[in-house]
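Listed here are the chains, written in short residue letters.
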Amino acid sequence: MGNDKAANFVIERSEKPVSSDERVALLENPAFGRIFTDHMATIRYTEGRGWHEAKIQPRTAFELAPQTRVLHYAQEIFEGMKAYRLPDGGATLFRPEANARRLQNSARRLAMPSLPEQLFLESVRELVRADRDWIPTAEGSALYLRPFMIATEGALGMNPSSEYLYCVLASPVGSYFKGGSSAVTLWISENYTRAAPGGTGDAKCGGNYAASLAAQAEAIREGCDQVVFLDAVERRWVEELGVMNVFFVFDDDSIQTPPLTGTILPGITRDSLIVLARDLGLTVREEPYAIDQWQADAQSGKLREAFACGTAAVVTSIGKVKGRQRAFEIGNAETGPVTERLKTALLEVQQGRVEDRNSWLDRVF
Ligand code: PLP
Ligand code: COI
């Protein structure tokens with residue numbers, strides 16, 4: 001397996017799919033990550049044998065022995081991507097090969113086997129085809145895809161697993177934040193950091209998210225929507241949010257985002273926005289930005305806008321920032337014009353409403 005034939009997957013269709021009436025009702029207000037489609041993709045890996053048993057099958061529970069490694073040592077990685085409805089009724093993925101490569105990078109960091117890009121692409125394409133009726137059509141909605149890989153060997157010695165399960169789930173989603181497209185308030189995490197040099201910050205592994213939950217809970221207690229993490233060494237440089245990258249927009253229409261130095265996740269939305277911003281004639285810098293500078297620039301008016309970006313939350317403007325010793329607003333705490341322009345530019349490409357100049361779309365049907 002792993003060659004470029006499109007025939008690696010056995011398709012076992014569900015005998016009890018959700019009825020079309022029920023599906024339509026579920027799609028009306030899907031929220032984020034609560035509803036799942038009829039099928040899932042799975043592939044198994046065994047040391048010595050490699051990847052095998054690629055299937056699209058009815059979505060069902062896994063049977064795992066209590067000593068399964070992932071349950072103890074969190075040897076797990078995942079991806080997040082979306083399938084979008086096209087104006088002609090078809091559907092497309094957005095830069096799926098970038099997700100395939102990021103999963104391979106995460107696998108390397110977590111000492112897991114590399115899933116060949118072709119198998120990854122087929123797994124998501126075939127799942128979207130099997131569950132094509134689940135792609136929502138409402139503005140701002142999409143079919144969120146969650147590829148992930150877990151260590152399935154049942155043993156407690158501290159070694160990489162000899163067996164793995166790769167799986168893809170599909171979940172129709174609306175907007176990630178309950179407030180829809182209004183600006184969010186960030187909490188600056190001073191008690192907790194997300195990633196240190198040499199750690200797993202640039203891998204998409206479940207452990208990073210488990211470790212961010214206490215900081216996120218603190219943010220919620222403080223009346224904020226999301227946590228923003230500073231670097232672990234100097235506690236000075238703005239790195240990223242719990243589930244998003246961050247951008248700053250200045251009064252000369254230049255934009256800036258923290259560089260990829262190994263402690264932040266290389267977001268595919270981040271990368272796409274850098275390309276789109278340059279296409280729009282904006283100057284883009286990938287340079288560190290200090291939290292004190294952020295506050296000073298917001299207060300002097302040099303910083304006009306700030307926004308967060310990611311697959312789940314798309315582009316979300318940042319209205320206010322709070323910490324133990326500080327609180328400041330950005331602009332008039334509403335979505336600014338540059339944020340709006342970039343968000344529109346991104347959505348237009350993803351939804352197939354403008355020419356795909358960078359060949360980012362991967363049409364599924
Ligand atoms: N940073 C973190 C920690 C994330 O979880 C995500 C979401 O995937 C991102 C950034 C944005 O990445 P992407 O744009 O590839 O979704
Ligand atoms: C994504 O945008 O795919 C994310 O990673 C967000 C998710 C952790 C909720």
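What counts, and at which threshold
- Residues numbered from 1 in each chain as written.
- Chains lettered and ligands numbered in written order.
- Predicted model: local features only at pLDDT ≥ 70, side-chain atom pairs only at ≥ 80, totals over all residues.
- Heavy atoms only, no water.
- Helix = DSSP H or I, 4+ residues; strand = E, 2+ residues; numbered from the N terminus.
- Expected span 1.5 Å × (residues − 1).
- Buried < 20%, exposed > 50% of the residue type's maximum accessible area, 1.4 Å probe, protein only.
- Near = heavy atom within 4 Å.
- Polar contact = N/O pair within 3.5 Å; in protein donor to acceptor, adjacent residues only side chain to side chain.
- Areas by Shrake-Rupley, 256 points an atom, 1.4 Å probe, with all protein chains shown as cover.
- Contact = heavy atoms within 4.5 Å.
- Domains from an automatic or database assignment.
- Buried area = accessible area lost by both parts, 1.4 Å probe.
- Salt bridge = Lys/Arg side-chain N within 4 Å of Asp/Glu carboxyl O.
- Nonpolar A, V, L, I, M, F, W, Y, C, P; charged D, E, K, R; others polar.
- Axes fitted to C-alpha atoms, helices over the stretch in contact; angles between N-to-C directions.
- Parallel < 35°, antiparallel > 145°, perpendicular 65-115°, else oblique.

Participant: Honestly, helix H8 (residues 337-350) in this entry has me stumped. Any pointers?
Facilitator: Three- or four-residue spacings in an α-helix give side chains the same orientation, since the helix completes a turn every 3.6 residues. Compared with the 20 Å implied by 1.5 Å per residue over 14 residues, the 20 Å span of H8 between its first and last C-alpha is a close match. Taken together, the buried positions of H8 are Val 338, Thr 339, Leu 342, Lys 343, Ala 345, Leu 346, Leu 347, Val 349 and Gln 350. At the exit of H8 stands Gly 352, carrying a positive phi of roughly 70 degrees.

Participant: Would you mind going over the site of ligand 1 with me for this structure?
Facilitator: Around ligand 1, 17 residues are found, and the nearest of them are Arg 102, Tyr 209, Glu 240, Thr 269 and Thr 311. Side-chain polar atom of Arg 102 to an oxygen atom of ligand 1: 2.8 Å apart, as the coordinates give it. Separating an oxygen atom of ligand 1 from a side-chain N or O atom of Thr 269 is a distance of 2.5 Å. Contact with the protein chains hides 96% of the accessible area of ligand 1, taken as 380 Å² for the molecule alone.

Participant: I'm lost on the side chain of Arg 95 in this one. Help?
Facilitator: For Arg 95, the position within the fold is in the loop between strand S6 (91-94) and helix H3 (96-109). For Arg 95, a relative accessible area of 13% corresponds to the buried category. Setting aside anything within four residues of it in sequence, one finds Arg 95 in contact with Ile 268, Asp 271, Ser 272 and Trp 360.

Participant: Looking at this structure, how should I read the domain arrangement of the chain?
Facilitator: Reports often express the size of an interface as the amount of accessible area lost when the parts come together. Segmenting the chain into domains produces domain 1 (3-173) and domain 2 (183-350). Taken over C-alpha atoms, the centre of domain 1 sits 28 Å from the centre of domain 2. Between domain 1 and domain 2, the residue contacts involve 19 residues of the former and 20 residues of the latter. For the pairing of domain 1 and domain 2, the buried interface totals around 1700 Å² over both sides, and the portion due to carbon and sulfur atoms is 60%. Contact with domain 2 buries area across many residues of domain 1, yet Phe 78, Phe 94 and Arg 102 alone supply 35% of it, more than any other trio. In this assembly, domain 1 and domain 2 are joined by one salt bridge. For the salt bridge of Asp 271 with Arg 95, the shortest nitrogen-to-oxygen distance reads 2.9 Å. Here domain 1 and domain 2 share eleven residue pairs in polar contact (both at pLDDT 80 or more) between them. Looking at the side of domain 1 that touches domain 2, the elements with two or more residues in it are strand S4 (76-78), strand S5 (81-85), S6 and H3. Looking at the side of domain 1 that touches domain 2, the element that brings in the most residues is H3, giving five residues. For the side of domain 1 that touches domain 2, the per-class residue count stands at nine nonpolar, four polar and six charged.

Participant: Looking at this model, I keep getting lost on the site of ligand 2. Mind explaining?
Facilitator: In the vicinity of ligand 2, the contacting residues are Phe 32, Gly 80, Tyr 144, Arg 146, Tyr 176, Lys 204, Tyr 209, Val 243, Thr 311 and Ala 312. Contact between ligand 2 and Lys 204: an oxygen atom at 2.5 Å from a side-chain N or O atom of the residue. With respect to ligand 2, the backbone of Ala 312 contributes an N or O atom lying 2.8 Å from an oxygen atom. Of the residues belonging to the shell around ligand 2, the class tally is six nonpolar, two polar and two charged. Counting contributing residues, the shell around ligand 2 receives three or more from each of domain 1 (3-173) and domain 2 (183-350).

Participant: Before we go on, may I ask you to explain the packing of helix H6 (residues 268-279) against H8 in this structure?
Facilitator: To describe two helices that pack against each other, one gives the angle between their axes and the distance between the axes. Two numbers describe how H6 lies on H8: the axes approach to 10 Å, and their chain directions differ by 105 degrees. Classified by the angle their axes make, H6 and H8 are roughly perpendicular. Contacts between H6 and H8 involve Thr 269, Ser 272, Leu 273, Leu 276 and Ala 277 on the former and, on the latter, Leu 342, Ala 345, Leu 346 and Val 349. Its residues assigned to classes, the contact of H6 with H8 shows seven nonpolar, two polar and no charged.

Participant: What's the story with H3 in this structure? I'm lost.
Facilitator: Between its first and last C-alpha, H3 extends 20 Å over 14 residues, near the 20 Å set by a 1.5 Å rise per residue. Those residues of H3 that fall on the buried side of the exposure criterion are Pro 96, Ala 98, Asn 99, Ala 100, Arg 102, Leu 103, Gln 104, Ser 106 and Ala 107. Ala 111 sits one or two residues past H3 and shows a positive phi near 55 degrees.

Participant: Is there a simple way to explain unusual backbone geometry in this structure?
Facilitator: Note on backbone geometry: most residues besides glycine have negative phi, and most peptide bonds are trans. Phi at Arg 95 takes a positive value of approximately 50 degrees, unusual for a residue other than glycine. The residue Ser 359 is not glycine, and still its phi comes out positive at about 55 degrees. Residue position: Ser 359 is located in the loop between H8 and strand S18 (361-363). Ser 359 gets classed as exposed once you look at its relative accessible area, which sits at 58%.

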